[in-house]
Amino acid sequence: MELANIERLLDKYLNAETTLTEENELKNYFLGDNVAPHLEEYRILFEYFSTSKNERFTKSIQLNSKKKHWKWLSVAASIILLVSVYTGYEKKQERKAEKIYKETQFALEILASNLNKGTVAIAQLKEFEKAKNKIFKQPKRNKK
Amino acid sequence: MKQSEFLKTVMPFKDKVFRVAKRLLVSTEEAEDATQELFFKLWKNRSKLKDYKSIEAFAMTMTKNYCFDRLKSKQANNLKLIHSNYKEKNTSLDRRMELNDSVSIVHQLIENLPEQQKLIIQLRDIEQYEFAEIAEMLNLQPTAIRVTLSRARKTIREQLIKQHNYGIS
């Protein structure tokens, strides 16, 4: 393509009056090998434009949002928390009851052992009574 | 609309959405997140898609709005700091090497343009949309787009010549 034509197109290009076809003509010229030295700056420009267009979005598009995931996760987490708090509470109640049970048991044992002491004492007293009865006469029986 | 059908209509312009998002948001990761988010939004609104003349143009409008919102909230949250950190890393470290790499000069020059000019350069010179299509996407008059585009092209060219002459002398 003749240089005069390119220069004319460049003027139009700077005024943003070129069509896409004309801009492609310019691009082809500047990506080619015989760029006029005084138009060097345009070569840099059009090279940049064409390399920029090659950039790609490499990740895959996910239509199921992560956010939704998080929502469900939080629901699950709160359920787990509730359950664990509930079972923890239950456990605590259980332990409390056990403690109370043990304490009562202990108290009853003390009571029982003390009661036994009483019965031992009574047994001794009975022995004493027997001995006494042997020694002394029993007036009531005689009266009968 | 089924998932496969949706993907069929949407896949042809996923790279375009990504490139436009990257042009505006600068960082690749953010552009990827934005693309992901935008396609999810499109999928959620799939029942309304039939009402649009061109789904691609609608997607581009969404991309533009989404990215501008992101930029605005970033400024509001002073997250611009992170943003400039990113740029810093990209320019100062590799600057000497990249300055020789003339292609990235253009990248820098476009980055320095105002948002609207950046966007229009991207849509026209890289994605090669017709003026009428860009007008529909941005809800602007075609003449306004031509004016902005002309301004952007002239700025880039002037800067390029400046840098070029500087490099020679």
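Residues numbered from 1 in each chain as written. Chains lettered and ligands numbered in written order. Predicted model: local features only at pLDDT ≥ 70, side-chain atom pairs only at ≥ 80, totals over all residues.

## Brief notes about the overall build of chain B
A count of helical and extended segments in chain B gives 10 helices and 0 strands. When the elements of chain B are put in sequence order from the N terminus, they spell out α-α-α-α-α-α-α-α-α-α. Counting only residues that meet the buried cut, chain B has 28% of its 169 residues in that class. For chain B, contacts bridging at least 24 residues in sequence account for 64% of all contacts bridging at least 6. (Helix = DSSP H or I, 4+ residues; strand = E, 2+ residues; numbered from the N terminus. Buried ≥ 20, exposed ≤ 12 C-beta atoms within 10 Å, placed from the backbone. Contact = placed C-beta atoms within 7 Å.)

## Comments concerning the packing of helix α1 (residues 3-14) of chain A against helix α2 (residues 20-31) of chain A
Two quantities define a packed helix pair, namely the angle between the helix axes and the distance between the axes. Residues and elements named next belong to chain A. Where α1 meets α2, the axes come as close as 10 Å, and the angle between the chain directions of the two elements is 125 degrees. Compared by their axis directions, α1 and α2 come out oblique. When the axes of α1 and α2 are compared, the crossing they make is left-handed. Across from I6, L9, L10, K12 and Y13 in α1, the residues of α2 making contact are E22, E23, E25, L26 and Y29. Residues that form the contact of α1 with α2 fall into these classes: 6 nonpolar, no polar and 4 charged. (Axes fitted to C-alpha atoms, helices over the stretch in contact; angles between N-to-C directions. Parallel < 35°, antiparallel > 145°, perpendicular 65-115°, else oblique. Left-handed = near helix turned anticlockwise from the far one by under 90°. Nonpolar A, V, L, I, M, F, W, Y, C, P; charged D, E, K, R; others polar.)

## Section: the nonpolar core
The nonpolar side chains of a soluble globular protein tend to be buried, and buried together. Residues A:L45, B:V17, B:A21, B:V106, B:I120, B:I134 and B:I156 are the most contacted members of the largest nonpolar core, which totals 45 residues. By residue number, the principal contributor to this core is helix α2 (residues 14-25) of chain B, which donates 6 residues. Ignoring any residue separated from it by four or fewer positions in sequence, one finds B:A21 in contact with B:A31, B:A34, B:T35, B:T63 and B:C67. (Core = buried A, V, L, I, M, F, W, Y, C linked by C-beta atoms within 7 Å.)

## Some remarks on the interface of chain B and chain A
Contacts between the two partners involve 30 residues from chain B, matched on the other side by 23 residues from chain A. When residues of the side of chain B that touches chain A are traced back to their parent elements, those giving at least two are α2, α3 (28-44), α7 (102-111), α8 (115-126) and α10 (142-168) of chain B. When grouped by side-chain class, the residues that make up the side of chain B that touches chain A number 12 nonpolar, 8 polar and 10 charged.

## As for the environment of B:L119
All names here are of chain B. Structurally, L119 can be placed in helix α8. Looking at L119, the number of C-beta atoms within 10 Å reads 24, which means it is buried. Linking L119 and L24, residues 95 residues apart in sequence, is a C-alpha distance of 7.1 Å. Excluding residues within four positions of it along the chain, L119 makes contact with L24 and K64.

## Considerations on helix α9 (residues 131-138) of chain B
Residues and elements named next belong to chain B. Residues of α9 that are buried include every one of F131, I134 and M137, and no others. The buried residues of α9 occupy an angular sector of 120 degrees when projected down its axis, which confines them to one face. Downstream of α9 by a residue or two, N139 has a phi angle that is positive, lying close to 55 degrees. (Arc of directions from axis to C-beta.)

## Side note on the confidence of the model for chain B
Residue and element names in this part refer to chain B. Looking at chain B, the pLDDT average stands at 84 and 82% of residues meet or exceed 70. Across residues 87-96, confidence stays below pLDDT 50; counting only partners more than four residues off in sequence or on other chains, it has 1 contact. Among the prediction metrics, the complex's ipTM stands at 0.81, with pTM recorded as 0.67. (pLDDT = per-residue confidence, 0-100.)

## With respect to the packing of α2(B) against α8(B)
Residue and element names in this part refer to chain B. Orientation of α2 relative to α8, taken along the N-to-C sense of each, is 150 degrees, at an axis distance of 10 Å. In terms of orientation, α2 and α8 fall into the roughly antiparallel class. Crossing hand, α2 versus α8: right-handed. Residues R19, V20, R23 and L24 of α2 form the contact with α8, whose own contacting residues are E115, K118, L119, Q122 and I126. Across the contact of α2 with α8, the residue classes break down as 4 nonpolar, 1 polar and 4 charged.

## Notes on unusual backbone geometry
Across the chain, the bulk of peptide bonds are trans and the bulk of non-glycine residues have phi less than zero. Positive phi is not limited to glycine here, since A:A16 has a value of about 60 degrees. By the element assignment, A:A16 lies in the loop between α1 and α2. Backbone geometry at B:Q128 places phi at a positive 55 degrees, although glycine is not the residue there. With respect to the helices, strands and loops of the structure, B:Q128 is situated in the loop between α8 and α9.

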